[in-house]
Amino acid sequence: MRGTDGCSVFGLWGSLILDYSYSMNRNCSLSLFTLRRAGSEGRRSKERFPGSLNPVESRGGTSMKLNQLRGPIQMSSLWLMCWIALFSMIGCFVENAKAEDTSEQRFRYEIVDGAVTLEGVKEEFFNHSSFSIPRQIEGMDVVCIGSSVFAFCDSLASVTIPDSVKSIGYHAFEGRSKLTSVTIPDSVKYLGSSAFQDCFILGSVTIGNSVKRIGSRAFYYCESLPSVTIGDSVTEIGYEAFGRSALRSVTMSDSVKSIKDFAFYNCTSLHSVTIGNSVKSIGEHAFSRCTSLASVTIPDSVESIGNFAFYKCTSLTSATVPDSVTMTGYLAFQGCPWQPPYRPNQ
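Report follows, based on the coordinates. Bear in mind the structure is a predicted one, so any value in this text is a computation, not a measurement. (Residues numbered from 1 in each chain as written. Predicted model: local features only at pLDDT ≥ 70, side-chain atom pairs only at ≥ 80, totals over all residues. Heavy atoms only, no water.)

**Digging into a nonpolar patch on the surface**
Together, Phe200, Ile201 and Tyr221 give the surface a local cluster of nonpolar side chains, amounting to about 240 Å² of exposed area. Looking at the element boundaries, Ile201 is found in the loop between strand S9 (190–191) and strand S10 (204–207). Take Ile201: its relative accessible area is 40%, and that puts it in the partly exposed class. (Patch = residues over 30% accessible without salt bridge, like charges linked within 9 Å, V, L, I, M, F, W, Y side chains within 5 Å. Areas by Shrake-Rupley, 256 points an atom, 1.4 Å probe, with all protein chains shown as cover. Salt bridge = Lys/Arg side-chain N within 4 Å of Asp/Glu carboxyl O. Helix = DSSP H or I, 4+ residues; strand = E, 2+ residues; numbered from the N terminus. Buried < 20%, exposed > 50% of the residue type's maximum accessible area, 1.4 Å probe, protein only.)

**Details of unusual backbone geometry**
Within the chain, Asp198 stands out as a residue other than glycine whose phi angle is a positive 65°. Assignment of secondary structure puts Asp198 in the loop between S9 and S10. Since its relative accessible area comes to 18%, Asp198 is described here as buried. A positive phi angle, near 60°, is found at Phe262, a position not held by glycine.

**Brief notes about the pairing of strand S2 (residues 115–121)**
Buried residues dominate S2, accounting for five of its seven residues. Both strand S1 (residues 107–112) and S2 contribute to a ladder of six bridges, which runs antiparallel. Residue Ile111 lies in a different strand from S2, and its bridge partner there is Val116. A loop of two residues connects S1 with S2, the two strands running antiparallel in sequence, and Asp113 in this loop sits at a positive phi of about 55°. When S2 meets strand S5 (residues 140–145), the two strands line up parallel, connected through three bridges. Within S5, the residue paired with Thr117 across the bridge is Cys144. (Pairing = 2+ DSSP bridges.)

**A closer look at the pairing of strand S8 (residues 181–184)**
Burial along S8 is one-sided: the face carrying Val182 and Ile184 is buried and the face carrying Ser181 and Thr183 is not. Note: S8 against S10, four bridges, orientation parallel. From the neighbouring strand, Ile184 faces S10, where its bridge partner is Ile207.

**What about the packing of aromatic side chains?**
Applying the stated criterion to the full structure yields 19 aromatic pairs. A centroid spacing of 5.3 Å and a plane angle of 85° characterise the contact between Phe308 and Tyr311, whose relative ring orientation is edge-to-face. Its relative accessible area of 17% is what places Tyr311 among the buried residues. Between Phe308 and Tyr330, the aromatic rings sit 5.7 Å apart at their centres with planes inclined by 85°, giving edge-to-face as the arrangement. Of this pair, Phe308 sits in the loop between strand S19 (304–305) and strand S20 (318–320) while Tyr330 sits in the segment after strand S21 (327–328), and the two are 22 residues apart along the sequence. Put simply, the rings of Phe107, Phe131, Phe150, Phe173, Phe196, Phe219, Phe242, Phe264, Phe287, Phe310, Phe333 and Trp338 touch in pairs and so form one group of aromatic residues. The ring of Phe131 carries Arg106 above its face, with NZ or CZ at 5.5 Å from the centroid. Arg217 extends its terminal NZ or CZ atom over the ring of Tyr220, reaching a point 4.3 Å from the ring centre. (Phe/Tyr/Trp six-rings, centres within 6.5 Å; stacked < 30°, edge-to-face > 60°. Lys NZ or Arg CZ within 6 Å of the ring centre and 35° of its normal.)

**Thoughts on the pattern of salt bridges**
Per the stated rule, a full pass over the model turns up five salt bridges. Arg135 serves as the salt-bridge partner of Asp141, at 3.4 Å between the closest nitrogen and oxygen. Residue Asp141 is classed as partly exposed on the basis of its relative accessible area of 28%. Given a relative accessible area of 41%, Arg135 falls into the partly exposed group. A single network of salt bridges, built from pairs that share partners, joins Arg135, Asp141 and Asp163.

**Considering the side chain of Ser288**
Within the element layout of this structure, Ser288 appears in the loop between strand S17 (281–282) and strand S18 (295–297). The exposure class of Ser288 is buried, given its relative accessible area of 0%. Within the local environment of Ser288, its side chain forms a polar contact with the side chain of His285, the two groups lying 3.1 Å apart. Not counting residues up to four positions away in its chain, the partners in contact with Ser288 are Tyr265, Asn266, Phe308, Ala309, Phe310 and Tyr311. (Polar contact = N/O pair within 3.5 Å; in protein donor to acceptor, adjacent residues only side chain to side chain. Contact = heavy atoms within 4.5 Å.)

**Looking at the nonpolar core**
Grouped together as the largest cluster of nonpolar side chains are 75 residues, with contacts concentrated most on Phe150, Phe219 and Phe287. Contributing elements (two or more residues each) for this core: S2, S5, S8 and S10. Look past the residues within four positions of Phe150 in its chain and what remains in contact with it is Phe107, Val121, Phe131, Ile133, Ile145, Leu156, Val159, Ala172, Phe173 and Arg176. (Core = buried A, V, L, I, M, F, W, Y, C linked by side-chain atoms within 4.5 Å.)

**Section: the side chain of Asp198**
Despite being buried, Asp198 has no salt bridge partner; Arg217 is the closest side chain of opposite charge, sitting 6.9 Å away. The residues touching Asp198, leaving out its near neighbours within four places in the chain, are Glu174, Gly175, Arg176, Tyr220 and Tyr221. (Lys, Arg positive; Asp, Glu negative; His and termini not counted.)

**Comments concerning the sheet that holds strand S16 (residues 272–274)**
Strand order in the open sheet formed by three strands is S12-S14-S16, and the pairing between neighbours is parallel. Edge positions in the sheet fall to strand S12 (227–229) and S16, since each has one partner strand and no second. Within the sheet, the average angular offset between the axes of one strand and its neighbour, ignoring direction, is 5°. As defined by bridge partners, S12 adjoins strand S14 (residues 249–251) across three bridges and the pair is classed as parallel. Looking at the pairing, Val228 lines up with Val250 of S14. (Axes fitted to C-alpha atoms, helices over the stretch in contact; angles between N-to-C directions.)

The following block contains the structure:
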């Protein structure tokens, strides 16, 4: 923003004033020259034609006022130059003030055991569209983005998270409807519930390789989010973590052990899903109403499929269910074109 603020803006004003001053002085100089010339011609005319009523005589009479005009003209130029100096001083003051507006001054924070937790954004910065979270405040690492930190930042469109952050709290970015992308660094181990819920135009998410759990509703109703790759350390995908999102494809790493209830519920654009080879349980309604899902392969690691897990996946025509599955829940595939073979022991 500095390119359009501070000294640059006031410098522009100063330049305009300087141009005006130059133009005015030039015009005044021309006027004085004309008046002097007219006065000289008037005197010569009077000497040639005593008693003449030549019009030049009347103009020549104004030469008597040159000394009277010179003072106001010079004073006007002086005032303009003063305005230039004033604007330049104000501009530099604003620029210096902005330079001192560091990232850490935008946040309320708490220091516990030598580590910083962000608690919120100061009111005067609510309308800012871009934030770069500092790596350190007062010489100590920022390790946590606390609950609802950006709750009142309705204009938030971009954010940079440093590699010092280890956890992102509940509702940290919830409802930031202008946020378009986010990169969660490898340092983050915990992603809180509803962290990015209702970020309607969030179109790109990179989840770092240290996140162990994706909290409940972490990306719920992210209706512009087309794809996600689950990091190598995630062990659990929480309740409704991606429910009602615009996901078209999902790839889970082999670290994932549990897919909780409603994790991908009503993702109507989801057509491709790769379930990791360590998943042991698929929760209730985990993929229910994913109406574009055409096929799914359930790995040998899965032992249970919850009630309504694939309920009303109306495009599901192919599925592989291994013998390792010992419990298939009530109406797990109800409303799907494909139906699992009958197994008396389930």
